[in-house]
Amino acid sequence: MATESPTASTAMVADLPLDDPRALSAVSLIWREAHLLDARRYAEWDELWAEGGEYVVPIDRDATEFASRLNLVYDDDRMRRMRIERLTGGHSISAAAAARTVRSVSRFVVTGRAQDAIEVCSAQVLVGYKREETFVLAADVTHRVVFGADGPLIARKIVRLVNSEDSVTASGFLL
């Protein structure tokens, strides 16, 4: 949240215990997201996002600003939906050879809060299987979850792969 200007409504303060109802709601949303992604229920996954939400997988693990940097993924609403279409449309190699995945998300830490939002960092380990090969990806993940009339929604997801600077092959799944 360092890139946001600190105002009364957006300043993030990391003093919210994990047993706070908003923190529990955010963790529940993150677990639901993992379930939907493993089940390849991408349309339902897209419904978890707030309007204008950003999905980012940076190459530089230390980056805090993404718009002017090279990223593995930097999706807004439109790009996220295009990515979903490629994965579900059957017209791309990603759809034809989609990996089966099982992810575990843990080590939840509330790192910030605002009047209408909470920031939660976690660890994700993804085990995938594609073309008779099993692979493991690990990442530090930061979710910014906003709360409104529709309940909690993902406003930003940053996936910092531990091997983000290594070569990347077509994955056929979302992180």
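How each quantity is defined
- Residues numbered from 1 in each chain as written.
- Predicted model: local features only at pLDDT ≥ 70, side-chain atom pairs only at ≥ 80, totals over all residues.
- Heavy atoms only, no water.
- Salt bridge = Lys/Arg side-chain N within 4 Å of Asp/Glu carboxyl O.
- Helix = DSSP H or I, 4+ residues; strand = E, 2+ residues; numbered from the N terminus.
- Buried < 20%, exposed > 50% of the residue type's maximum accessible area, 1.4 Å probe, protein only.
- Pairing = 2+ DSSP bridges.
- Axes fitted to C-alpha atoms, helices over the stretch in contact; angles between N-to-C directions.
- Contact = heavy atoms within 4.5 Å.
- Polar contact = N/O pair within 3.5 Å; in protein donor to acceptor, adjacent residues only side chain to side chain.
- Core = buried A, V, L, I, M, F, W, Y, C linked by side-chain atoms within 4.5 Å.
- Phe/Tyr/Trp six-rings, centres within 6.5 Å; stacked < 30°, edge-to-face > 60°.

Peer 1: Got a sec to walk through the pattern of salt bridges? Specific residues and values, please.
Peer 2: Per the stated rule, a full pass over the model turns up 12 salt bridges. A salt bridge links Glu-33 to Lys-157; its shortest N-O distance comes to 2.9 Å. Remark: Lys-157 occurs in strand S6 (residues 151-161) and Glu-33 occurs in helix H1 (residues 21-38); sequence separation between them is 124 residues. Residues Glu-33 and Lys-157 agree in their burial class; the two are buried.

Peer 1: Tell me about the sheet that holds strand S5 (residues 133-148), and please be specific about residues and values.
Peer 2: Within the open sheet, the 6 strands sit side by side as S2-S1-S6-S5-S4-S3. Their pairing is mixed. Looking at strand neighbours, the two that pair on one side only are strand S2 (71-75) and strand S3 (100-114), the edges of this open sheet. Within the sheet, the average angular offset between the axes of one strand and its neighbour, ignoring direction, is 20°. The strands touched by H1 are strand S1 (49-58), S3, strand S4 (117-130), S5 and S6; relative to S3, the strand with the most contacts, the crossing angle is about 155°.

Peer 1: Quick one: what's the story with the side chain of His-143, residue by residue and with numbers?
Peer 2: Structurally, His-143 can be placed in strand S5. The exposure class assigned to His-143 is buried, which follows from its relative accessible area of 2%. Within the structure, the side chain of His-143 is placed 2.7 Å from the side chain of Glu-33, a separation counted as a polar contact.

Peer 1: Account for the nonpolar core, with residues named and values stated.
Peer 2: The biggest cluster of nonpolar side chains holds 34 residues, and the ones touching the most others in it are Trp-45, Tyr-55, Val-159 and Leu-175. Looking at this core, the element that brings in the most residues is H1, giving 8 residues. Not counting residues up to four positions away in its chain, the partners in contact with Tyr-55 are Trp-45, Trp-49, Val-73, Tyr-74, Asp-75, Arg-83, Lys-157, Val-159, Leu-174 and Leu-175. Among the nonpolar cores identified, the runner-up in size contains 6 residues, and Ala-114, Ala-117, Val-146 and Ala-155 belong to it.

Peer 1: Tell me about the packing of aromatic side chains, and please be specific about residues and values.
Peer 2: Considering all chains together, one arrives at 4 aromatic pairs under this definition. Ring geometry for Trp-31 versus Phe-108: centroids 5.4 Å apart, planes at 85°, classification edge-to-face. Remark: Phe-108 occurs in strand S3 and Trp-31 occurs in helix H1; sequence separation between them is 77 residues. Judged by relative accessible area, Phe-108 falls into the buried class, the value being 13%. Geometrically, the ring pair formed by Trp-45 and Tyr-55 is edge-to-face, given 5.8 Å between the ring centres and 80° between the ring planes. Here Trp-45, found in helix H2 (residues 42-46), pairs with Tyr-55, found in strand S1; they are 10 residues apart in sequence, far enough to count as distant. Tyr-55 matches Trp-45 in its accessibility class, with the two residues each being buried. Feature note: the residues Trp-45, Trp-49 and Tyr-55 constitute an aromatic cluster, connected by ring pairs.

None of this, on its own, says anything about what the molecule does.
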